Amino acid sequence: MSITSSPFGVTAAGVPVTAYTLTNRHGCKAVVLDYGGVVQSLIVPDREGTPTDVVLGYDSVADYERGSCYYGAFVGRYANRIADSRFLLDGREVQLIPNEGRNHLHGNFCFEVYDAAVEGDSLVLRRTSPDGEDGYPGAVTLKLTYTLTEEDGLVLDYQASADQTTVINLTNHSYFNLSGHASGAALDTVLQLNASRITEADSESIPTGVIRSLSPEDPFNFTVPKAIGRDIEADDPQLRFGNGYDHNYILDLPSLETPVATAVSPRTGILMDVYTTQPAVQFYSANFVQDDPVGHGEGGAVYPERGGFCLETQHYPDSPNRPEFPSTVLRPGEVYHQVTEYRFSVSE
């Protein structure tokens, strides 16, 4: 395992950004930026041994600052959406900054530069989010650990603590295309999700409170492997709302031992297993990447509609307004700690 660094440019505010390249003995490489904790590139071999970049990204800091898709980003203080940008916390209303219409999406962690250090075989990023950032109460101390294993797994370990009671929900927003980041639509990717329920959402992607159990014929059912594109045009209001999949899947059994999701490209044979301690995963079929204002990705690639997919391990959307959902409250003296691994191999 080796970790090297190189300049990646500067932010609009003039802050230098560094790219860290994690490389294992098999030649797998993960490029992580100290800007936004972004996974900028992730290179793994296909069935012919050809190095293949399997995540969508940009070539410059300016593009990450201007883009609308959160490519590869570490997101928080609350991943996903909070309805009306407000919630009650211990009886007091918290008002957030709206950034998606009237709602609050993700927060600003992906736009910050982190303190980086190489510790053993890992890259560690640290930052303190100040009290009141985006409207959230409490200062939150963050520690993000990125490790590329010799088993070709990228392990993301997130830890946080707070000096006041707050809410927190952290994830990575990588868009995967296992046929290669510039290979076009990823609809032929075969996906299995070990999740037999979803939280239904309204036209603004806010949970309605309905927990939908997935029958075998349900277009949202991926408990048996199927191509992402097989049912994406089904006549279902939930699919019409988001122009495809953009839903919170409740995991049947979160685990770091058994995959909670598996995806494979029939074109390259690249297979990705996902492991996590998180209770859910947001499956997003990249329905709007064609609207990104940057207009191009890494190496000038043009990413089309559904040109990738996200498996964002996290807690449920809008949990602060849904007491029946698993709690996302973090109190002083507690430690938030979640781990996710994306592990790669080649299918037979």
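Residues numbered from 1 in each chain as written. Predicted model: local features only at pLDDT ≥ 70, side-chain atom pairs only at ≥ 80, totals over all residues. Heavy atoms only, no water.

### Overview of the overall build of the protein chain
- Along the backbone of the protein chain there are two helices and 27 strands.
- In summary, the protein chain has a C-alpha radius of gyration of 19 Å against a globular reference of 20 Å for 348 residues, a match within 12%.
- Counting only C-alpha atoms, the protein chain reaches 60 × 50 × 40 Å along its principal axes.
- Burial status across the protein chain gives 59% buried among its 348 residues. (Helix = DSSP H or I, 4+ residues; strand = E, 2+ residues; numbered from the N terminus. Rg over C-alpha atoms; globule rule 2.2 N^0.38 Å. Buried < 20%, exposed > 50% of the residue type's maximum accessible area, 1.4 Å probe, protein only.)

### Some remarks on the sheet that holds strand β3 (residues 29-33)
- Pairing is antiparallel across the open sheet formed by five strands, whose spatial order is β1-β2-β3-β4-β5. The open sheet terminates on both sides in strands that have one partner only, identified here as β1 (2-10) and β5 (51-53). Taking each pair of neighbouring strands and ignoring which way they run, the sheet shows an average axis angle of 20°.
- When β1 meets strand β2 (residues 16-23), the two strands line up antiparallel, connected through eight bridges. (Pairing = 2+ DSSP bridges. Axes fitted to C-alpha atoms, helices over the stretch in contact; angles between N-to-C directions.)

### Overview of the nonpolar core
- Tyr-146, Tyr-249, Phe-283, Phe-309, Leu-311 and Phe-344 are the most contacted members of the largest nonpolar core, which has 58 residues in total.
- Those residues within four positions of Leu-311 in sequence are excluded, and the remaining contacts are Leu-191, Leu-193, Ala-261, Met-272, Val-274, Val-281, Gln-282, Phe-283 and Tyr-342.
- Judged by nonpolar contacts, the second largest core, of 27 residues, contains Ala-19, Tyr-58, Ala-73 and Val-75. (Core = buried A, V, L, I, M, F, W, Y, C linked by side-chain atoms within 4.5 Å. Contact = heavy atoms within 4.5 Å.)

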